[in-house]
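Inside the fold
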Amino acid sequence: MVLLKLLNLLAPIYFVCLLSITFSIQVFLLLPGMCKESLFTFSFSSLLHNSLFMIFVVNVLGNYILVIWKSPHGREFYAEAELPGKTFCHLCARVMGEQEHHCFFTGTCIGQSNLRSFVLFCLHCSCSCFHAMVIGVGYISESITLSFCDPTTFLRLLPISVTRFFSGSLLNSDMLVVLMIYVWFGVGLACAAFCCHQLLLISRGCSIPRFHPSDMSVTSWKNNLQNVFGKRWLMAIFVPNAKKQMN
């Protein structure tokens, strides 16, 4: 339990640090490097990448805040044995009637009230990581004149960069971008896998525990998705907003 509480404290710090480093690298290094050759190249590609970057940042931060703000409310400080059949979160020390799981990166429980924001948070985290990785690969390929046409180049990038870094031919900023490319790739894959896993559970109707026999009716996957994401799900993908609770 001590390790879980420590993880619950360090995981949000890790997320904030990763977001800050990604934001700094994108704003001060990668995106300005796209229009370095000529002022006229700031037409379409730079505008597109800057727009995507701002959309991802707004949605990641917005949904992250919504996940914490709309966390499930429960009766605090009850012993698990006193309420049989109810889900008890030891980290939050409260009973949740509609909790699905505890998210360490947000430090709160995920339930029906914030499940939509949590799935969208994973989606935009994955997209932002892959977007940063693509720009980082383009930046490094120009910086160290390395072609990524060969798929094995991605595997050889780290040892080549480490060798050049210790030999003094690779800048500190370039080495940081190389390391972050692998971090973005790993985090992006993890977020994408978790997002797909949650969508699969939602479509099957397994995302929210049901404690009453009357709630065990079989519904279609469209209804299950609509119950979580609501009718205005398309707007929520581009603009983070809280789902209105149905009475």
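Residues numbered from 1 in each chain as written. Predicted model: local features only at pLDDT ≥ 70, side-chain atom pairs only at ≥ 80, totals over all residues. Heavy atoms only, no water.

Observations regarding the nonpolar core
Leu30, Phe121, Ile140, Leu157, Val177, Ile181 and Trp184 are the most contacted members of the largest nonpolar core, which has 42 residues in total. If one sorts the elements of this core by residue count, helix α3 (residues 115-143) sits on top with 13 residues. If we skip the residues at most four places from it in the chain, Val177 touches Ile25, Leu29, Leu30, Gly136, Tyr139 and Ile140. (Core = buried A, V, L, I, M, F, W, Y, C linked by side-chain atoms within 4.5 Å. Buried < 20%, exposed > 50% of the residue type's maximum accessible area, 1.4 Å probe, protein only. Helix = DSSP H or I, 4+ residues; strand = E, 2+ residues; numbered from the N terminus. Contact = heavy atoms within 4.5 Å.)

A word on the UniProt feature "transmembrane region" (unreviewed entry) in the protein
Mapped onto this numbering, the UniProt entry annotates "transmembrane region" (unreviewed entry) at residues 7-31, 51-69, 118-140 and 175-202. Taken end to end, residues 118-140 is 100% helix and 0% strand, and its two terminal C-alpha atoms sit 32 Å from one another. End C-alpha to end C-alpha, residues 175-202 measures 41 Å, and it is 100% helix and 0% strand. (UniProt positions renumbered as here; feature names shortened; annotations may be inferred.)

What to know about helix α6 (residues 221-229)
Along α6, the residues that are buried comprise Asn224, Val228 and Phe229. An end-on view of α6 places all buried positions within 115° of arc, on one side of the element. Packing partners of the buried residues in α6 comprise α3, α5 (172-203) and α7 (233-238). Positive backbone phi, at 80°, marks Gly230, one or two positions downstream of α6. (Arc of directions from axis to C-beta.)

A few points about the environment of Ile181
Considering the arrangement of structural elements, one finds Ile181 in helix α5. With 47 residues separating them in the primary sequence, Ile181 and Val134 have C-alpha atoms 8.4 Å apart. Here Ile181 is in contact with Met133, Gly136, Val137, Ile140, Phe154 and Leu157, once residues within four sequence places are set aside.

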